[in-house]
Amino acid sequence: MSQDFSPDRLDVKAFALAGGRLTGRDPLSLYERLQDEAVALSDALHVAWTAEASVRTLPGGATQPWLRLQAQATLPLECQRCLTPADTLLEVDREFRFVPDKATAEAEDEDSEEDLLVLSRDFDLRELIEDELLLALPLVPMHEVCPEGPVLSAQSEAFEQAQAERPHPFAALAALRKPG
């Protein structure tokens, strides 16, 4: 008997017991918070992901579900040097261990090297994908080499020309001065 699993309402324990694997290539529009970070949107933007689950035996014989998440997205973010869109690759490759409840997660979190999540029968995998990609955003997005050099002057040629055409404020006073 095969079981279909949905990334929107994932029964994590059943998915892990089945050794489940889900893959997807979703439009960016499914990830509203991630979409808000992009400076230019297009239909070509997408999020590709893979989730694989397993059950692992812990020291002492207890078993717990694990999930490995891999996700990639290329977002146009504003380059902080030239202020134009810079296509930025976001990549995630993380493993999560599921624990029975929030109290267990809080108790084990400090001593645990892996990330802990609470076991759920209707886990939203897409929300986890979005959270992890948001955490992968660079603090300062930049091109490796900007397509146009940054403007290093606060003044432009048009500003200089307008300044040259404008009469000097003390020119009228100079005309009043008597030769002498």
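Residue positions are given per chain, counting from 1 as you read along its sequence in written order. Per-residue local features of the predicted model are confined to residues with pLDDT of at least 70, and side-chain atom pairs are confined, for both listing and counting, to 80 or more; whole-chain, interface and lining totals are unaffected and use all residues. Based on all heavy atoms of the structure, the side-chain values leave hydrogens and waters out of the count.

## Digging into the overall build of the chain
Thought 1: Runs of H or I in DSSP of at least four residues are treated as helices and runs of E of at least two as strands, each being numbered from the N terminus. Looking only at helices and strands, the chain features six helices and five strands.
Thought 2: When its helices and strands are written in sequence order, the chain yields α-β-α-β-β-β-α-β-α-α-α.
Thought 3: Note that the radius of gyration is over C-alpha atoms, with the globule rule given as 2.2 Å times the number of residues to the power 0.38. The C-alpha atoms of the chain give a radius of gyration of 28 Å, which is well past the 16 Å a tight globule of 180 residues would have.
Thought 4: Across the 180 residues that make up the chain, the buried fraction comes to 34%.
Thought 5: When charges are counted, Lys and Arg are positive and Asp and Glu negative, with His and the chain ends excluded. Where a charge lies is defined by one atom per residue type, namely NZ (Lys), CZ (Arg), CG (Asp) and CD (Glu). One way to put it: in the chain the 16 positive side-chain charges average out to a point 4 Å from where the 34 negative ones average out. Burial classification: accessible surface area is computed with a 1.4 Å probe over protein chains only, and a residue below 20% of its type maximum counts as buried, one above 50% as exposed, and the rest as partly exposed.

## Notes on the state of the cysteines
Covalent bonding between the sulfur atoms of two cysteines is what defines a disulfide.
Thought 1: Disulfides are defined in this document as cysteine sulfur pairs within 2.5 Å. Tallied over the full model, the rule gives zero disulfides.
Thought 2: Free cysteine: cysteine 146, not disulfide-bonded; nearest cysteine sulfur from cysteine 82 at 3.7 Å.

## A closer look at a nonpolar patch on the surface
Thought 1: Only residues whose relative accessible area exceeds 30% and that form no salt bridge enter a patch; like-charged residues are grouped when within 9 Å of one another, and nonpolar side chains (Val, Leu, Ile, Met, Phe, Trp, Tyr) when within 5 Å. For every accessible area listed, the method is Shrake-Rupley and the probe measures 1.4 Å; residues are considered covered only by the protein chains on display. Salt bridges are counted wherever a side-chain nitrogen of Lys or Arg sits within 4 Å of a carboxyl oxygen of Asp or Glu. Judged by side-chain polarity, Leu139, Val140 and Met142 come together as a nonpolar surface patch covering roughly 350 Å² of accessible area.
Thought 2: Mapped onto the elements of the fold, methionine 142 is located in the loop between α4 (125-135) and α5 (157-165).
Thought 3: Using a relative accessible area of 41% as the deciding quantity, one classes methionine 142 as partly exposed.

## Remarks on the confidence of the model for the chain
Thought 1: Across the chain, pLDDT averages 87, with 93% of residues at or above 70.
Thought 2: Mean pLDDT in the chain bottoms out at helix α6 (residues 171-176), which sits at 73, and peaks at α4, which reaches 97. Confidence scores labelled pLDDT are given residue by residue by the predictor and lie between 0 and 100.

## A word on the pattern of salt bridges
Any two side chains of opposite charge can pair, given that their charged atoms come close.
Thought 1: In the structure shown here, the tally under the stated rule is 13 salt bridges.
Thought 2: The residue arginine 126 makes a salt bridge to aspartate 26 at a minimum N-O spacing of 2.9 Å. Taken together, the residues arginine 126 in helix α4 and aspartate 26 in strand β1 (residues 21-27) connect sequence positions 100 residues apart.
Thought 3: The partner of arginine 33 in a salt bridge is aspartate 131, with the nearest N and O atoms 2.6 Å apart. Highlighted residues: arginine 33 in helix α2 (residues 32-37) and aspartate 131 in helix α4, separated in sequence by 98 residues.

## A look at the nonpolar core
Thought 1: The term nonpolar core refers to a set of buried residues drawn from Ala, Val, Leu, Ile, Met, Phe, Trp, Tyr and Cys, joined through side-chain atoms within 4.5 Å. Leu34, Val47, Trp49, Leu125, Ile129 and Leu133 are the most contacted members of the largest nonpolar core, which totals 34 residues.
Thought 2: Elements that contribute at least two residues to this core include exactly α1 (12-17), β2 (46-57), β3 (63-78), β4 (85-99) and α4.
Thought 3: Among the elements that make up this core, the one with the highest residue count is β3 (six residues).
Thought 4: Discounting residues that sit within four places of it in the chain, tryptophan 49 has contacts with Pro7, Leu22, Thr23, Gly24, Arg25, Asp26, Tyr31, Gln70, Ala71, Leu125, Arg126 and Ile129. Whether two residues are in contact is decided by their heavy atoms, any of which lying within 4.5 Å being enough.

## Describing unusual backbone geometry
Thought 1: Positive phi is not limited to glycine here, since leucine 83 has a value of about 60°.
Thought 2: Its location among the elements puts leucine 83 in the loop between β3 and β4.
Thought 3: Classification of leucine 83 as exposed rests on a relative accessible area of 55%.

## Here's the deal with the environment of glutamate 78
Thought 1: With respect to the element layout, glutamate 78 can be found in strand β3.
Thought 2: Judged by relative accessible area, which is 36%, glutamate 78 ranks as partly exposed.
Thought 3: Taking the C-alpha atoms as reference points, glutamate 78 and methionine 142, 64 residues apart in sequence, are found 7.4 Å from one another.
Thought 4: For glutamate 78, the contacting residues outside a window of four places in its chain are Val39, Leu83, Thr84 and Pro141.

## Overview of the packing of aromatic side chains
Thought 1: Note on ring pairs: Phe, Tyr and Trp rings are taken, using the six-membered ring of Trp, and paired if centres are within 6.5 Å. Classes follow the plane angle, with under 30 degrees stacked, over 60 edge-to-face and the rest tilted. Inspection of every chain in the model, using the stated rule, returns two aromatic pairs.
Thought 2: Where phenylalanine 5 meets phenylalanine 15, the ring centres are 5.0 Å apart and the plane angle is 70°; that geometry is what we call edge-to-face. With phenylalanine 5 in the segment before α1 and phenylalanine 15 in helix α1, the pair connects residues that are 10 residues apart, well separated along the chain. For the residue pair phenylalanine 5 and phenylalanine 15, the accessibility class agrees, reading buried in each case.

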